[in-house]
Amino acid sequence: MSEVKITAEIRSEFGKGAARRIRRDNKVPGVLYGHGSDPIHVTLPGHELLMALRTPNVLLSLDIEGKQELAIPKAAQRDPLRGFLEHVDLLLVKRGEKVTVEVPVHAEGELAAGGNLLEHVLNALPVDAEATHIPESFTVSVEGLEAGASVLAKDVELPKGVTLAVDEDAVVLQVLAAQAEEPAAEGEEAVEAEAPAEGAEG
């Protein structure tokens, strides 16, 4: 997994006004917590943090006014319209420490012929992994799977040192039969679309 170095500053101003001032400077207010210590309120560089968070469960190597800390993102609040980061919660970790995280699951391959649909029951798989060796994602083959087939948590190949943090029989992906009703619905829409034209002729 990637490790990104970011310089952070201790934050002493709080409240909405202070947060707005921080964001005007292209920075992001955040909180570091974990290991039973008091939360540390920090300010982080906005662009660097945004780029880092493109990697799920990225390991952040923080320089907090000369003190080195490792952390992983736990929650990020974004502006619903413009998408910029408004606030971030970070979890302090140590090398060798196990943490519970959710790792994205990607499917590859073609389903069996017949217009079947693939449903992602779990978009991310909860696992326990060493904080400095969290997988970025899991790839699962769905090649040739037919309607009714499922991929369970225990079917996902995990790297050494990574264990499931969910029931092994939990469904991750399942193949659904093609919906026969959809063509009929399209036909009904076509009839409705023609109706005003018939009325116009009369």
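Residues numbered from 1 in each chain as written. Predicted model: local features only at pLDDT ≥ 70, side-chain atom pairs only at ≥ 80, totals over all residues. Heavy atoms only, no water.

Things to note about the overall build of the chain
For the chain, the helix and strand inventory stands at three helices and 13 strands. Relative to its 202 residues, the chain shows a buried fraction of 33%. Pairs at least 24 residues apart make up 64% of the contacts formed inside the chain by residues separated by at least 6 positions. (Helix = DSSP H or I, 4+ residues; strand = E, 2+ residues; numbered from the N terminus. Buried < 20%, exposed > 50% of the residue type's maximum accessible area, 1.4 Å probe, protein only. Contact = heavy atoms within 4.5 Å.)

Topic: the sheet that holds strand S13 (residues 171–176)
Taking strand neighbours across the sheet as the criterion, the three strands line up as S8-S13-S11 in an open arrangement whose pairing is antiparallel. Both edges of this open sheet fall to strand S8 (117–120) and strand S11 (150–152), since each of them pairs with a single strand only. This sheet shows a mean twist of 15 degrees between the axes of neighbouring strands, independent of strand direction. In terms of strand pairing, S11 meets S13 through three bridges, oriented antiparallel. Paired with leucine 152 across the strands is valine 171, a residue of S13. (Pairing = 2+ DSSP bridges. Axes fitted to C-alpha atoms, helices over the stretch in contact; angles between N-to-C directions.)

Some thoughts on the confidence of the model for the chain
Reading fine detail from the predicted coordinates is not recommended where pLDDT is low. The predicted model of the chain has a mean per-residue pLDDT of 84, with 86% of residues at 70 or higher. Model confidence for the chain, summarised as mean pLDDT per element, is weakest for helix H3 (residues 181–201) at 48 and strongest for strand S12 (residues 163–164) at 96. Low confidence marks residues 184–202, where pLDDT is under 50. Its contacts with residues over four positions away, or in another chain, come to zero contacts. (pLDDT = per-residue confidence, 0-100.)

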